[in-house]
Amino acid sequence: MIVVGLYLAAATVGAVVSAVTGSADALWLTVTWYPLDDSPFGTSSELDDSIVLLFVLLFATLMLRAWAFWQIFSFPPRGERPADRRVVWLRRLLYLAVADDLILWTLRDLLLPDTAVELLTLVLWTPLEVLFVLVLTGRSGAFRALALTLAGLNAVAVAASAVDELPGVRAPQILMSLGLAHIGWMIMIILGQREDGRWSEITVSLGRISLVLSLAGPVINFGFLYVIGTATGGLLIHLLSAFGVVSTVWLARSAHEVAVAPEEKPRGSPAWPAARQPS
């Protein structure tokens, strides 16, 4: 796998530089893709007391991200174009969301004002959430109506967040809190995937893990910071945040498998018989 190989090679170079200089900056940059001084956990000099833990967590993050890249860039064999245009557009939007999770978010945050960032999130995720509901098979009208309502509430929350970023404007907090509807939408989608037949058990399980991490993350973060301490707790939060890549893998595998007809893949089988590696 070329992408995984390049990532591991870059991290190896970073590790060598860090070993020579005695600073974790180079390894941190090649593993996480942002400078250590830009992290919320302190600079390398401030983390000297936790240097061993820092390298251990970076290695764990490296392995996790390498696995994620292998999952994301192992594409299924090319098949016929799906007849349902909703499936085609959902797959495109899912891959765009994956790209946004991996790298585009950095460019957005660097180049665009916060309002534009929120609007782009709205433009990407609103049609994605609606189409995901519509392509699910074997679900009742009430199920779809509830899932679409949750998607609509989340869209209102994102729009409110965009308005709140305008100078001198404050959106009602109750509108922005509607973003919790995204969790409900995700639960509905995972339930739909489980019964649909196109998605493998691995993909559905990754969705469940991503959901649990989303719910447990804030509580665990609080414990790390206020029980363990700022520097060490911050590093542990970094490791936990690295598990956010599980959500990215779930999106990628959902895109890989959405065009597979249910009769082509029995429940519990691998997502596809042989992965096509990108060249």
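Residues numbered from 1 in each chain as written. Predicted model: local features only at pLDDT ≥ 70, side-chain atom pairs only at ≥ 80, totals over all residues. Heavy atoms only, no water.

Caption draft 1: Spatial organisation of the packing of aromatic side chains. Under the counting rule described, the total for this entry stands at 10 aromatic pairs. Judged by centre distance (6.5 Å) and plane angle (90°), the ring pair of Trp 125 and Trp 185 falls under edge-to-face. In this pair, Trp 125 is assigned in helix H5 (residues 114–135) and Trp 185 in helix H8 (residues 181–196), connecting sequence segments 60 residues apart. Both residues of the pair, Trp 125 and Trp 185, count as buried. Ring geometry for Phe 132 versus Trp 199: centroids 5.8 Å apart, planes at 40°, classification tilted. A residue pair is termed long-range when its members are at least 10 positions apart, and Phe 132 in helix H5 and Trp 199 in the loop between H8 and helix H9 (201–228) qualify at 67 residues. Residue class for Phe 132 comes out buried when judged on its relative accessible area of 0%. Here Trp 199 falls in the buried class, since its relative accessible area comes to 0%. One residue, Arg 92, lies across the ring of Trp 89, its end atom 4.6 Å from the ring centre. (Phe/Tyr/Trp six-rings, centres within 6.5 Å; stacked < 30°, edge-to-face > 60°. Helix = DSSP H or I, 4+ residues; strand = E, 2+ residues; numbered from the N terminus. Buried < 20%, exposed > 50% of the residue type's maximum accessible area, 1.4 Å probe, protein only. Lys NZ or Arg CZ within 6 Å of the ring centre and 35° of its normal.)

Caption draft 2: Expanded view of the environment of Pro 82. Within the fold, Pro 82 resides in the loop between helix H3 (51–72) and helix H4 (85–111). Residue class for Pro 82 comes out buried when judged on its relative accessible area of 14%. Each C-alpha atom, one on Pro 82 and one on Val 258, is 9.4 Å from the other, the two residues being 176 residues apart in sequence. When residues no more than four places from it in sequence are discounted, the contact partners of Pro 82 are Val 87, Val 88, Arg 91 and Ala 259. (Contact = heavy atoms within 4.5 Å.)

Caption draft 3: Main features of helix H2 (residues 25–32). Every buried residue belonging to H2 is among Leu 27, Trp 28, Thr 30, Val 31 and Thr 32, and all of these are buried. Positioned one or two residues after H2, Trp 33 has a phi angle of 75°, which is positive.

Caption draft 4: Examining the nonpolar core more closely. In this structure, Leu 90, Leu 128, Phe 132 and Trp 185 are the most contacted members of the largest nonpolar core, which totals 54 residues. Here the element with the most residues in this core is H3; it accounts for 8 residues. Sequence-distant contacts of Leu 128, defined by excluding residues within four places in its chain, comprise Leu 90, Leu 93, Leu 94, Ala 97 and Trp 185. (Core = buried A, V, L, I, M, F, W, Y, C linked by side-chain atoms within 4.5 Å.)

Caption draft 5: Looking closely at the environment of Phe 59. With respect to the secondary-structure elements, Phe 59 resides in helix H3. According to the relative accessible area criterion, Phe 59 is exposed, its value standing at 52%. Placed 28 residues apart in sequence, Phe 59 and Val 31 show a C-alpha to C-alpha distance of 8.4 Å.

Caption draft 6: Structural view of the layout of surface pockets. One number sums up the size of the largest pocket: a volume of about 1,500 Å³. In terms of lining residues, the largest pocket is bounded by 41 residues, among which Asp 101, Trp 105, Gly 244, Ser 247 and Thr 248 are the most central. Every element with two or more residues in the lining of the largest pocket is listed here: H3, H4, H5, H8, H9, helix H10 (230–242) and helix H11 (245–257). Grouping the constituent residues of the lining of the largest pocket by class yields 22 nonpolar, 15 polar and 4 charged. (1 Å grid on protein atoms, 1.4 Å probe; cavity = no way out; pocket = protein on both sides within 12 Å on 5 of 7 lines; lining within 4 Å. Points joined across faces, edges and corners; volume = space filled by probe spheres on them. Nonpolar A, V, L, I, M, F, W, Y, C, P; charged D, E, K, R; others polar.)

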